[in-house]
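Chain by chain, the residues:
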Amino acid sequence: MAAQDFNFLLATDSYKITHYKQYPPNVSKIYSYFECRRKKTSQFSEVVFFGLQYLLKRYLTGQVVTEEKIQEAKLFFQMHLKQPVFDEEGWRKILERHDGRLPIRIKAVPEGRIIPRGNVLFTVENTDPDFYWLTNYIETMLVQMWYPITVSTISREFKKIIAKHLKATSGSVEGLDLKLHDFGYRGVSSQESAALGGAAHLVNFCSTDTVAGLLMAQRYYGCPMAGYSIPAAEHSTIISWGRTREKEAFEQLLDQFSSGPVSVVSDSYDIFNACKHIWGDKLKERVMERSQDSCLVIRPDSGDPAKTVLEVLKILEERFGCSLNSVGYKVLPSYLRIIQGDGIDLNSVNEILQKLSDEGWSAENVFFGCGSALLQKLNRDTLSCAFKCSYVESNGKGMDVYKQPVTDLSKGSKRGRLSLRRNSDGFLETVEKGAGKPEEDLLVTVFENGSLLRDYSLEEIRKNARLRDEDLNPTLHMLMHNHIINGIH
């Protein structure tokens, strides 16, 4: 059920309050769709669909219209717009005829599915002809889907990069799900952003410090525990010992967390000195006493990421040695690893892993943490997310509608009723103008008349989003990418 303290009537752009007065006479249906427009210059050719279920459960299911909420909205918009344009009668009809439940149908691709850009992701239409204006009234809320879709897409791009290097330098992708840790909780704009973004990352990985994302996965996607973390130091717990007692600070962590892995930020003063003379000398025996299950994870947190990680690896090799794995790349002892969480984005991760590979190091040695580049340095234009009307009915007749601005052809919209199918070449494509076959349509009715009709578990979503063969094969991936960019889905 939607939150009772939330007034859905107020969850829209101000100008939409007036739109019921603007449609042509005798309109009975408005049908709209959401997509991530295709752009040839973008680094992202496909998206991960995720987050709609949360929005539906949190804000749209059950009775969302009450007399109290109607009166609150009436008063608010009278003060805000300074004229009587709020449709009090229309909202009261929804309350009386539908018990305050929204007469809307939403069809969407299954959550977690990987969809080439430029395809329909979900459609919205009214189910009661008197409430044609409701379809685009909820656009404001539904377009906020851009955020979890974008985070999950970026997270999966990280996964592709790491998987490629991990497989090339170790022979497998074992441990991939723990390779990128979400450090982004403090860097987002709100608790809800942290929850949505954090959960979106958990579609692809099982490693996070963003508790809000774990709670969302638990409450809205049926996953008791979607991600994991380990005890870890921050600079305050190190520098509070004083500069001359950094060794004692490190030793305290080894003592307090002796039976499991622990991460220690080690650049408070001099990361190289810490690795060479504290970890690699004064505490060397204590470190070597640990096992793979109680691994020490050293965290650099400043400087050029690639250069720093390489230098730290070289120092640790000098002090603790290394071995060669089955494909001939160097690996530190199993009780010792590195996590790099400063300056991490898609480009720097690839650069770090490529330089490690060039120097003979396996990606097994390194974990990554990512904050703002994962959850915050993005916007609705990152994936060109848009919601547009494509079909209307008036006087019992249907009409395909569209926009096609001469000043920007890329903003042209789709026409008619839409479906998503897999064509004879195996690629996904959107069928316009109502020409699709219902039995081929991959869009699923997930919401109708106030009820959630499909409840996806995080487990199902993760299966849908798992990496494919072409994601690990650069040549095959390029062929797929060219098909997508050329519009052959």
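Look above for the structure.
Keep in mind that what you see is a predicted model, and the values were worked out from it rather than measured.

Cut-offs and rules
- Residues numbered from 1 in each chain as written.
- Predicted model: local features only at pLDDT ≥ 70, side-chain atom pairs only at ≥ 80, totals over all residues.
- Heavy atoms only, no water.
- 1 Å grid on protein atoms, 1.4 Å probe; cavity = no way out; pocket = protein on both sides within 12 Å on 5 of 7 lines; lining within 4 Å.
- Points joined across faces, edges and corners; volume = space filled by probe spheres on them.
- Helix = DSSP H or I, 4+ residues; strand = E, 2+ residues; numbered from the N terminus.
- Pairing = 2+ DSSP bridges.
- Nonpolar A, V, L, I, M, F, W, Y, C, P; charged D, E, K, R; others polar.
- Buried < 20%, exposed > 50% of the residue type's maximum accessible area, 1.4 Å probe, protein only.
- Contact = heavy atoms within 4.5 Å.
- Axes fitted to C-alpha atoms, helices over the stretch in contact; angles between N-to-C directions.
- Parallel < 35°, antiparallel > 145°, perpendicular 65-115°, else oblique.
- Left-handed = near helix turned anticlockwise from the far one by under 90°.

Novice: Which parts of the structure should I look at to understand empty space enclosed by the protein?
Specialist: Picture a little ball the size of a water molecule; that probe, rolled over the atoms, points out where space is still empty. Scanning the entire structure with this criterion turns up three cavities of 30 Å³ or more. If you add up the space inside the largest cavity, you get close to 50 Å³. What lines the largest cavity is Phe49, Leu52, Gln53, Leu56, Ala108, Val109, Glu111, Val446, Leu452, Arg454 and Tyr456. Of the residues forming the lining of the largest cavity, the biggest block, three residues, is contributed by helix α1 (residues 52-60).

Novice: Help me understand the sheet that holds strand β17 (residues 444-448), please; the structure alone is not making it clear to me.
Specialist: Read across the sheet, seven strands follow the order β14-β13-β1-β5-β3-β17-β18 without closing on themselves; strand pairing throughout is antiparallel. The open sheet has two edge strands, β14 (397-400) and β18 (451-452), and neither has a second partner. Sheet analysis places strand β13 (residues 385-394) next to β14, joined by four bridges and oriented antiparallel. Paired with valine 392 across the bridge in β14 is methionine 399.

Novice: Explanation requested: the layout of surface pockets in the structure shown.
Specialist: Empty space within the largest pocket amounts to approximately 1500 Å³. Along the walls of the largest pocket sit 46 residues, with Leu178, His181, Ser207, Ile339 and Phe367 positioned nearest its centre. No other element matches strand β12 (residues 366-370), which puts four residues into the lining of the largest pocket. Considered class by class, the residues forming the lining of the largest pocket number 17 nonpolar, 16 polar and 13 charged.

Novice: Before we go on, may I ask you to explain the side chain of serine 28 in this structure?
Specialist: With respect to the helices and strands, the residue serine 28 is situated in strand β1 (residues 27-36). Accessibility expressed as a relative area gives 19% for serine 28, which makes it buried. When residues no more than four places from it in sequence are discounted, the contact partners of serine 28 are Asn126, Asp128, Pro129, Tyr132, Glu393 and Ser394.

Novice: Would you mind showing me how to read the environment of glutamine 354 here?
Specialist: Relative to the helices and strands, glutamine 354 is located in helix α14 (residues 346-358). Owing to a relative accessible area of 35%, glutamine 354 belongs among the partly exposed residues under this scheme.

Novice: Would you mind going over the sheet that holds strand β11 (residues 336-340) with me for this structure?
Specialist: Across a sheet, paired strands are connected by hydrogen bonds in the backbone, their directions being either parallel or antiparallel. Read across the open sheet, the five strands follow the order β6-β12-β11-β8-β7; overall the sheet is parallel. Every other strand in the sheet has two partners, leaving β6 (180-182) and β7 (262-265) as the edge strands with one partner each. On average, each strand axis in the sheet is tilted by 30° relative to the strand beside it, whichever way the strands run. Of the pairings in the sheet, the one linking β6 to β12 comprises three bridges and is parallel in character. Residue pairing in the sheet places aspartate 182 in a bridge with cysteine 370 of β12. Along the sheet face, helix α13 (residues 305-320) touches β8 (296-299), β11 and β12 and points at about 170° away from the line of β11.

Novice: I'm lost on the pairing of β13 in this one. Help?
Specialist: Regular strands have side chains that alternate between both faces of the sheet. Judged from the nine bridges that link them, β1 and β13 form a sheet pairing that is antiparallel. Across the sheet, the residue bridging to phenylalanine 34 is phenylalanine 387, located in β13. Joining the antiparallel neighbours β13 and β14 is a turn of two residues, in which asparagine 395 adopts a positive phi near 55°.

Novice: In this structure, what is going on with the packing of helix α6 (residues 146-170) against α14? I would like to understand it.
Specialist: Helix-helix packing is characterised by the crossing angle of the two axes and by the distance between the axes. Close contact between α6 and α14 brings their axes to 10 Å; oriented N to C, the two are set at 5°. Between α6 and α14, the interaxial angle falls into the category roughly parallel. Contacts between α6 and α14 pair Ile154, Glu157, Phe158, Ile161, Ile162, Lys164, His165 and Thr169 from the former with Leu346, Val349, Asn350, Leu353, Gln354 and Ser357 from the latter.

Novice: Before we go on, may I ask you to explain the packing of helix α11 (residues 271-282) against α13 in this structure?
Specialist: Relative orientation of the contacting elements α11 and α13 amounts to 20°, with a least axis distance of 10 Å. It follows that α11 is roughly parallel to α13 by the angle criterion. For α11 against α13, the interelement crossing comes out right-handed. On the side of α11, the interface is formed by Ile271, Phe272, Cys275, Lys276, His277, Trp279, Gly280 and Asp281, while α13 contributes Thr308, Glu311, Val312, Ile315, Leu316, Glu318, Arg319 and Phe320. Considered class by class, the residues forming the contact of α11 with α13 number eight nonpolar, three polar and five charged.

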